Amino acid sequence: MVVTASTSLTRTQVFERDGFVSTGELLSAAEVESYRDLYDRFLRGEIDSGDKRSDLGSHAPRRDGVAENITQIMWPSALHPPLADLPLHARALAVARGLIGDDAMLDFDMLIHKAPHSATPTPWHQDAAYWIDLPDTRAVSIWVALDDAEPDNGCMWYIAGSHREPLRPHRPTGDGKNIQTDATEGEPGATPVPLPAGHGVAHTGGTLHSSRGNTTDRVRRAYILNYRPAAMIALERGQGEDHGLGTNERKVRNAGATADETGA
Ligand SMILES: O=C(O)CCC(=O)C(=O)O
């Protein structure tokens, strides 16, 4: 049988095949500027993040005077509700509905910031490992670059096709504050996704991902919005799962990702 290369897959087909897909531009240059201003107010503590602020890079030693290696702030739109009315939420929702269906709703959002020379990789993981088991696993995270993102300041890396494999066993990072699994940039399918500021990349809950430490003089700010079917959000909330809105504790929750007794 002769297999001809397919030429024009839709964005949704690429998302289903690879587990990730670029969304194109979601914010104009002027809009990126206003999101950066707000973002920096969070980073400086002018918008209080309370316990929703933590260190996604807490597995690595911190330099003196540095509060976090990788600043992660859960629920910026709950901490500062006007955010939900700015253009990104509506545009990302439209992308999410195109990818997973019209019943998609915002489940949670977050900021992940890599300061210049913070040099701390994001541990490899699959988001679904953080989440409880749900009967409908459709989910999409839309990762939006607010700075040009390249491998050396921490653009996203994915393992294409990993969302079609069972979840890998995850374990807590050395300090117990986050989770990780074993994966490398050397694996088949490993793909960096450099993005200009204002552009996004969407990934499924099962897609293995990571980003390198920022070893450049440039900041790397990302805004991430997560969507799943409205009925699954209701099911989660009914079981007390709200992605850190109540208690911001990050651990392995999915039975499929629970590491065996050897910690593998
Ligand atoms: O920004 C990063 O380095 C990691 C992002 C991430 O883990 C996610 O969007 O699920």
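Presented here is an overview of the structure given in this document. Here the residue numbering is sequential within each chain, running from 1 through the sequence in written order. Thresholds applied to this predicted model are a pLDDT of at least 70 for local features of residues and 80 or more for the giving and counting of side-chain atom pairs; totals over whole chains, interfaces and linings are not thresholded and use all residues.

Across its full length, the chain holds six helices and 13 strands. When its C-alpha atoms are laid out on the principal axes, the chain stretches across 60 × 50 × 40 Å. Put simply, a residue is buried when 20 or more other C-beta atoms lie within 10 Å of its own C-beta and exposed when 12 or fewer do; between those, it is partly exposed, and each C-beta is set from the backbone. Across the 264 residues of the chain, 45% fall into the buried class. The contact criterion used is a C-beta to C-beta distance within 7 Å, with each C-beta placed from the backbone. Considering only intrachain contacts with a sequence separation of at least 6, the fraction spanning at least 24 residues in the chain is 88%. Starting at the N terminus, helices and strands are each numbered in turn, a helix being any DSSP run of H or I of at least four residues and a strand any DSSP run of E of at least two.

Where strands meet in a sheet, backbone hydrogen bonds hold them as pairs that are either parallel or antiparallel. Whether two strands pair depends on DSSP finding at least two bridges between them. The antiparallel open sheet is built from four strands, whose spatial order is β5-β12-β7-β10. Each edge of the open sheet carries a strand with a single partner, namely β5 (122-125) and β10 (190-193). Geometrically, the sheet is characterised by an average inter-axis angle of 25° between neighbouring strands, direction not taken into account. Only C-alpha atoms enter the line fits that serve as axes; for helices the fit covers just the stretch in contact. Angles between N-to-C directions range over 0 to 180 degrees.

Turning to the pairing of strand β7 (residues 156-159), a few remarks are in order. In summary, the side chains of a regular strand alternate between the two faces of the sheet. Burial along β7 is two-sided: the residues Met-156 and Tyr-158 and Trp-157 and Ile-159 are all buried. Of the pairings in the sheet, the one linking β7 to β10 comprises four bridges and is antiparallel in character. Paired with Tyr-158 across the two strands is Thr-191, which belongs to β10. Two elements, β7 and strand β12 (residues 209-211), share three bridges in a ladder whose sense is antiparallel. Bridge pairing in β12 links Tyr-158 to His-209.

What follows deals with the site of the ligand. In the vicinity of the ligand, the contacting residues are Ile-112, Thr-122, Asp-127, Ser-141, Trp-143, Gly-154, His-209, Ser-211, Ala-222 and Ile-224. When residues of the shell around the ligand are traced back to their parent elements, those giving at least two are β6 (140-145), β12 and β13 (220-229). Charged residues are taken to be Asp, Glu, Lys and Arg, nonpolar residues to be Ala, Val, Leu, Ile, Met, Phe, Trp, Tyr, Cys and Pro, and polar residues to be all remaining types, Gly included. Grouping the amino acids of the shell around the ligand by side-chain chemistry returns four nonpolar, five polar and one charged. Residues are counted as near a molecule or strand when the C-beta atom, derived from backbone positions, lies within 6 Å of that molecule or strand.

The strand order β1-β11-β6-β13-β4-β3-β2 describes an open sheet built from seven strands, whose pairing is antiparallel. At either end of the open sheet lies a strand with only one pairing partner, and these are β1 (20-25) and β2 (53-55). Ignoring strand direction, the axes of neighbouring strands in this sheet form an average angle of 25°. In this fold helix α1 (residues 11-18) packs onto β1 and β11 (199-204), with an angle of close to 145° to the strand it touches most, β1. Where helix α4 (residues 87-100) meets the sheet, it contacts β1, β4 (104-114), β6, β11 and β13, and its direction lies at approximately 140° from that of β6.

On to the environment of Leu-83, then. Tracing the backbone shows Leu-83 in the loop between α3 (76-79) and α4. Through-space distance from the C-alpha of Leu-83 to that of His-199 is 18 Å; in sequence the pair is 116 residues apart. Beyond its immediate stretch of four places on either side in the chain, Leu-83 contacts Leu-38, Pro-76 and Ser-77.

That is the geometry; function is a separate question.
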